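Here's the letter readout for the chains.
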Amino acid sequence: MTDDPRRHAPATQRNRDAILAVLRRHLPASGLLLEIASGTGEHALHFAAALPGITVQPSDPDAGARASIDAHAGDAGLANIRPALALDVTGAWPIDRADALLCCNMIHIAPWEATPALVAGAARVLPSGAPLLLYGPFLRDGRHTAPSNAAFDESLRARDARWGVRDLDEVIALAADFDVEAIEAMPANNLTAVFRRR
């Protein structure tokens, strides 16, 4: 047994630099990046260390995840990462403005209603011209992009019938307040969809 609250996600080590490269292309030079569903906090820490002009605001609805985020941040001693917020996208958001919003790997591990709530919340907190970035596996034109994604989708739905890989076209249809700026191919058959607030 250990009292260390820090959690570790192996996938973070594999995808963080690819996601960071997308952030470098689409984020403003400075400002507040709100990360939704920060999980272990390893992404938030990596991005804060690599982007000193950006202040990272991690968040997660899970208390254990927030403890992990704050423990990782405390170890790093970075001035540009804030304490994690308790934020459930389907409830009231405890933040009213950000300069960019990032959400990695939440949409498929949540009921569908979390996705419109996420997009609506982003429209509320982001000013005109600000980016919304969504990373994870998606269907394209109603089809999986790889057999591994189809198998992953099946495993998700077996764990919780409300979960599953979402069709990117359905997500785009929710984003009436945004323009699609880019759909970036990522490692392991993932995508990053980049939207820009109108």
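Rules used throughout
Residues numbered from 1 in each chain as written. Predicted model: local features only at pLDDT ≥ 70, side-chain atom pairs only at ≥ 80, totals over all residues. Heavy atoms only, no water. Helix = DSSP H or I, 4+ residues; strand = E, 2+ residues; numbered from the N terminus. Rg over C-alpha atoms; globule rule 2.2 N^0.38 Å. Buried < 20%, exposed > 50% of the residue type's maximum accessible area, 1.4 Å probe, protein only. Contact = heavy atoms within 4.5 Å. Areas by Shrake-Rupley, 256 points an atom, 1.4 Å probe, with all protein chains shown as cover. Lys, Arg positive; Asp, Glu negative; His and termini not counted. Charge placed at Lys NZ, Arg CZ, Asp CG, Glu CD. 1 Å grid on protein atoms, 1.4 Å probe; cavity = no way out; pocket = protein on both sides within 12 Å on 5 of 7 lines; lining within 4 Å. Points joined across faces, edges and corners; volume = space filled by probe spheres on them. Nonpolar A, V, L, I, M, F, W, Y, C, P; charged D, E, K, R; others polar. Axes fitted to C-alpha atoms, helices over the stretch in contact; angles between N-to-C directions. Parallel < 35°, antiparallel > 145°, perpendicular 65-115°, else oblique. Left-handed = near helix turned anticlockwise from the far one by under 90°. Pairing = 2+ DSSP bridges. Right-handed = clockwise from strand over helix to strand, strands pointing away.

For the rest of this paragraph, the subject is the overall build of the protein. The number of helices and strands found in the protein is six helices and eight strands. Its C-alpha radius of gyration of 16 Å places the protein within 12% of the 16 Å reference for a compact globule of 198 residues. In terms of its C-alpha atoms, the protein occupies a principal-axis envelope of roughly 45 × 45 × 30 Å. Looking at the 198 residues of the protein, the share that counts as buried comes to 50%. Here the contacts in the protein between residues at least 6 apart in sequence split such that 72% fall between residues at least 24 apart. Summed over all atoms, the accessible surface of the protein reaches about 9,000 Å², with 52% contributed by carbon and sulfur. Each charge sign in the protein was given a centre, from 19 positive and 24 negative side chains, and these centres are 2 Å apart.

So, on to the layout of surface pockets. In this structure, the largest pocket spans a volume of roughly 830 Å³. For the lining of the largest pocket, the secondary structure elements donating two or more residues are helix 1 (10-26), strand 1 (31-36), helix 2 (42-50) and helix 5 (147-159). The element contributing the most residues to the lining of the largest pocket is helix 1, with four residues. Considered class by class, the residues forming the lining of the largest pocket number 18 nonpolar, 14 polar and five charged.

For the rest of this paragraph, the subject is the packing of helix 1 against helix 2. At a minimum axis separation of 10 Å, helix 1 and helix 2 run at an interaxial angle of 45°. With respect to their mutual orientation, helix 1 and helix 2 come out oblique. As for the relative orientation of helix 1 and helix 2, their crossing is right-handed in sense. Two secondary-structure elements touch here, helix 1 through Thr12, Gln13, Asn15, Arg16, Asp17, Ile19, Leu20, Leu23 and Arg24 and helix 2 through Glu42, His43, His46, Phe47 and Ala50. Here the contact of helix 1 with helix 2 is built from residues that sort into five nonpolar, five polar and four charged.

On to the sheet that holds strand 8 (residues 190-197). Within a beta sheet, neighbouring strands are joined by backbone hydrogen bonds and run either parallel or antiparallel to one another. Taken in spatial order, the six strands make up an open sheet running 2-1-3-4-8-7, and their pairing is mixed. A single partner strand is all that each edge strand has here, and the edge strands are strand 2 (54-57) and strand 7 (178-186). In this sheet, adjacent strand axes meet at a mean angle of 20° when their direction is disregarded. The pairing of strand 1 with strand 2 spans four bridges and is classified as parallel. Bridge pairing links Leu33 to Val56 in strand 2. In this fold helix 1 packs onto strand 3 (100-104), strand 4 (131-136), strand 7 and strand 8, with an angle of close to 145° to the strand it touches most, strand 7. Packed onto the sheet, helix 4 (residues 114-125) meets strand 1, strand 3, strand 4, strand 7 and strand 8 and runs at close to 160° relative to strand 3.

Moving on, we get to the pairing of strand 4. Among the six residues in strand 4, six count as buried, and that is most of the element. Across the two faces of strand 4 the burial is the same, with Pro131, Leu133 and Tyr135 and Leu132, Leu134 and Gly136 all buried. As paired strands, strand 3 and strand 4 are joined by four bridges and run parallel to one another. Within the sheet, the bridge partner assigned to Cys104 lies in strand 4 and is Tyr135. Tracing the backbone out of strand 3, into helix 4 and back to the parallel element strand 4 gives a crossover that is right-handed. By the bridge criterion, six bridges tie strand 4 to strand 8 in an arrangement that is antiparallel.

Remember that the coordinates give geometry; whether it matters functionally is a separate question.
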